Amino acid sequence: MILPALRCAVWCGYRRGLQQSQRTPLRQWMLRRGQNTVVAESGPSQTSAVTVPNAATNRIVGRWLVGCSGLVLGAIVLGGVTRLTESGLSMVDWHLVKEMKPPRTQAEWEAEFSKYQQFPEFKIMNHDMTLTEFKFIFYMEWGHRMWGRLVGLAYILPTVYFWKKGYFNRSMKARVLGLCGFVFFQGLLGWYMVKSGLEEKPESYDIPRVSQYRLASHLGSALLLYCASLWTGLTLMLPANKLPDTKRVLQLRRFAKGTGALVLLTALSGAFVAGLDAGLVYNSFPKMGEYWVPDDLLAFSPAIKNFFENPTTVQFDHRVLAIGSLAAITGLHLFSRRMLLPRRAKIAISCLTAMAYTQVVLGICTLLLYVPTPLAATHQSGSVALLTFAIWVLAELRKVAK
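Keep in mind that this is a model prediction, so the values were computed, not measured.

Calculation notes
- Numbering of residues starts from 1 in every chain and runs along the sequence as written.
- The predicted origin of the model limits local features to residues at a pLDDT of at least 70 and limits the giving and counting of side-chain atom pairs to 80 or more, whereas totals for whole chains, interfaces and linings rest on all residues.
- For side-chain calculations, the full set of non-hydrogen atoms in the structure is used, while hydrogens and water are omitted.
- Secondary structure elements are defined from DSSP: runs of H or I of at least 4 residues count as helices, runs of E of at least 2 residues count as strands, and each element is numbered from the N terminus.
- In this description, accessible areas are obtained by the Shrake-Rupley approach with a 1.4 Å probe, and a residue is regarded as covered only by the protein chains that are shown.
- Salt bridges are counted wherever a side-chain nitrogen of Lys or Arg sits within 4 Å of a carboxyl oxygen of Asp or Glu.
- In this scheme, a residue with accessible area under 20% of its type's maximum is buried, one over 50% is exposed, and one in between is partly exposed, where area comes from a 1.4 Å probe on protein chains only.
- Directions drawn from the helix axis to the C-beta atoms are what define this arc.
- Contacts: residue pairs with any heavy atoms within 4.5 Å of one another.
- Definition of a polar contact: a pair of N or O atoms within 3.5 Å, with one able to donate and the other able to accept a hydrogen when the atoms are protein atoms, and with sequence-neighbouring residues admitted only if both atoms are side-chain atoms.
- Patch membership needs two things, relative accessible area over 30% and no salt bridge, and members are linked within 9 Å if like-charged or within 5 Å if nonpolar (Val, Leu, Ile, Met, Phe, Trp, Tyr).
- Here the axes come from fitting lines to C-alpha atoms, over the contacting stretch only for helices, and the angles between their N-to-C directions go from 0 to 180 degrees.
- For classification, angles of less than 35 degrees are called roughly parallel, those exceeding 145 degrees roughly antiparallel, those between 65 and 115 degrees roughly perpendicular, and all remaining angles oblique.
- Note on convention: the crossing is left-handed when the near helix lies turned anticlockwise from the far helix by less than a right angle, right-handed when the turn is clockwise.
- Ten residues, namely Ala, Val, Leu, Ile, Met, Phe, Trp, Tyr, Cys and Pro, are considered nonpolar, four, namely Asp, Glu, Lys and Arg, are considered charged, and the remaining ones, Gly among them, are considered polar.
- Put simply, a nonpolar core is a bunch of buried Ala, Val, Leu, Ile, Met, Phe, Trp, Tyr and Cys residues held in one set by side-chain atoms that sit within 4.5 Å of each other.
- Between 30 and 60 degrees the pair is tilted, below 30 it is stacked and above 60 it is edge-to-face, where a pair is any two Phe, Tyr or Trp rings, Trp via its six-membered ring, whose centres lie within 6.5 Å.
- pLDDT is a per-residue confidence score from the predictor, ranging from 0 to 100.

Before going further, it helps to spend a moment on the overall build of the chain. Scanning the chain for helices and strands turns up twelve helices and two strands. Along the chain, helices and strands appear, N-terminal first, in the series α-β-β-α-α-α-α-α-α-α-α-α-α-α. Total accessible area on the chain is roughly 22600 Å²; 65% of this is exposed by carbon and sulfur atoms.

Turning next to the pattern of salt bridges. One pass over the full model with this rule turns up seven salt bridges. For Lys-115, the salt bridge goes to Glu-112, with nearest N and O atoms at 3.6 Å. Here Lys-115 and its partner Glu-112 are both found in helix 3 (residues 106-116), three residues apart, which amounts to about one turn of the helix. As a salt-bridge pair, Asp-277 and Arg-209 come within 2.8 Å of each other at their nearest N and O atoms. Placement of the pair is Asp-277 in the loop between helix 8 (247-275) and helix 9 (306-309) and Arg-209 in the loop between helix 6 (170-198) and helix 7 (212-237), with a sequence separation of 68 residues.

Let's shift gears to helix 3. Within helix 3 the residues assigned to the buried category are Trp-109, Glu-112, Phe-113 and Tyr-116. Looking straight down helix 3, one finds that the buried residues subtend no more than 100° of arc, so they occupy a single side. In this structure, the buried side of helix 3 is in contact with helix 4 (120-125) and helix 5 (131-165).

Secondary-structure assignment places Val-320 in helix 10 (residues 311-337). Its relative accessible area of 46% is what places Val-320 among the partly exposed residues. Between the C-alpha atom of Val-320 and that of Thr-266, which follows or precedes it by 54 residues, the distance is 8.9 Å.

Within the element layout of this structure, Asn-306 appears in helix 9. When its relative accessible area of 0% is taken as the criterion, Asn-306 is described as buried. Engagement of the side chain of Asn-306 in a polar contact is seen with the backbone nitrogen of Ala-299, the distance being 3.1 Å. Every residue in contact with Asn-306, bar those within four places of it in the chain, is listed here: Leu-297, Leu-298, Ala-299, Phe-300, Thr-313 and Val-314.

Where nonpolar side chains cluster on the molecular surface, the patch consists of Tyr-213, Leu-298, Ile-304, Phe-307 and Phe-308 and spans about 470 Å² of accessible area. Structurally, the position occupied by Phe-308 is in helix 9. The class of Phe-308 is partly exposed, set by a relative accessible area of 33%.

We now examine the side chain of Thr-366. Tracing the sequence through the fold places Thr-366 in helix 11 (residues 343-368). There is a polar contact of 2.7 Å between the side chain of Thr-366 and the backbone oxygen of Leu-362. The contacts of Thr-366, once residues within four sequence positions are left out, are Val-371, Pro-372, Leu-375, Ala-376 and His-379.

Moving on, we come to the packing of helix 11 against helix 12 (residues 373-396). Helix 12 packs onto helix 11 with a crossing angle of 160° between their chain directions and a minimal axis gap of 9 Å. With respect to helix 12, the axis of helix 11 lies roughly antiparallel. The handedness of the crossing between helix 11 and helix 12 is left-handed. Looking at the contact of helix 11 with helix 12 residue by residue, the class counts come to 18 nonpolar, seven polar and two charged.

This paragraph deals with the nonpolar core. Core analysis: the largest hydrophobic core is formed by 52 residues, its most contacted members being Val-61, Trp-64, Tyr-155 and Phe-168. Where this core is concerned, the elements lending two or more residues are helix 2 (55-84), helix 5, helix 6, helix 7, helix 8, helix 10, helix 11 and helix 12. Among the elements that take part in this core, helix 7 stands out by supplying eight residues, more than any other. Each residue touching Tyr-155, except ones within four places of it in the same chain, is listed here: Trp-64, Cys-68, Ser-69, Val-72, Leu-179, Cys-180, Val-183, Leu-225 and Ser-229.

This next bit is on the environment of His-379. With respect to the helices and strands, His-379 occurs in helix 12. Discounting chain neighbours no more than four positions away, the residues touching His-379 are His-318, Gln-359, Leu-362, Gly-363 and Thr-366.

Let's shift gears to unusual backbone geometry. Note: most residues except glycine have negative phi, and most peptide bonds are trans. Following Phe-285, the chain continues to Pro-286 via a peptide bond in cis, the omega torsion being 10°. One non-glycine residue, Val-371, lies in positive phi territory at about 55°. Checked against the element boundaries, Val-371 lands in the loop between helix 11 and helix 12.

Inspection of every chain in the model, using the stated rule, returns 23 aromatic pairs. Note on Trp-109 and Tyr-139: the rings are 5.4 Å apart at their centroids and 65° apart in plane angle, and the pair reads as edge-to-face. With Trp-109 in helix 3 and Tyr-139 in helix 5, the pair connects residues that are 30 residues apart, well separated along the chain. Among the residues examined, Trp-109 registers a relative accessible area of 4% and is labelled buried.

The next subject is the packing of helix 7 against helix 12. It is at 10 Å that the axes of helix 7 and helix 12 come closest, and there the two elements cross at 35°. The crossing of helix 7 and helix 12 is right-handed. Taken together, the residues of helix 12 that come into contact with helix 7 (itself represented by Leu-223, Tyr-226, Cys-227, Leu-230, Trp-231 and Leu-234) are Val-384, Leu-387, Thr-388, Ile-391, Trp-392, Leu-394 and Ala-395. Class assignment of the residues belonging to the contact of helix 7 with helix 12 gives a composition of twelve nonpolar, one polar and no charged.

Here we take up the confidence of the model for the chain. Keep in mind that low pLDDT regions are not for reading the predicted coordinates in detail. Predicted confidence across the chain gives a mean pLDDT of 85, with 85% of residues reaching 70 or more. Segment residues 17-27: pLDDT under 50, and two contacts once partners within four positions in sequence are set aside and those in other chains are kept. Across residues 29-50 the pLDDT falls below 50, and counting only partners more than four positions away or on other chains, this stretch makes 29 contacts in the model.

Given below as structure tokens:
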């Protein structure tokens, strides 16, 4: 009797040990295979599915963020067209839900037009505007605002879904919360910008326009949101290239980072050009009028004021930054040609270089032709395309996480 009982106890202990030893390798194998869920015992007779971030879920989140960055790009382009058509001040108040329904009846349109007539843009610039003309600029601004709401929903709703599904680790949770908060901040900043163009300024003889400082802040925050979303999305979607940690590779990474920062700074300087209509002065190239350096470059006092409020200086700065960006990108391309890089990285650098020369040509043509709206809108869109390729290059050259 003792011997069979001893054999039974040994066999049961062996089975329990075997089951426990198999759990951890099985779990690790499933994670390596990129499964979305693993099965964990929660009791003697019940199991529960636990979702964990892995290669498959990272690709899903990456595609979502790249898609969101595409919507932000659309908002930037639409905002540029709204600015070029001088439509941004047509909606004189801001409501999160109420304004989602545009005027429909004749009485509603006349009421909206009557509100617009009480502000400086109508009194000074558009006092002979008809209701039909007002409808055009109203729909331009309304479309821009509705697109902004679409961007907000595209960030917030999937965030809630992916959070519940367990697709985010702790680091990613902080990132997506930051992105969603930035979308909300961007909307508030947009209305703060519009308010600056609705204010009465009896001491000023200039045409009504939004503050170039607030315009640059609004564009800058949109570009930061775009860059953060695109960078995060690409790093989740694209496998990191295994580049050797040599001195030349480190130099290339630093060169690419500096070039990307210069491209971003050049795009921001374009906001001051747009805010001051600086593209309508000195419509010649490469000289500004008859001079390489115009004599009214530092006409304002104090001198620092010229860099943000003098149209001549603002255009001069944008030219210098654009030429500097082109030179930096050309240097990056030449430096990378002497190195053995992965195919995707070479393609990204080539696209960046080609877009840089295209953007410069667009800028020169826009200037020489006195800023026609279609060409100016294409030039503004080109700045974001250039920034896109710069981020792609940085994503391809990033370090492999250890």
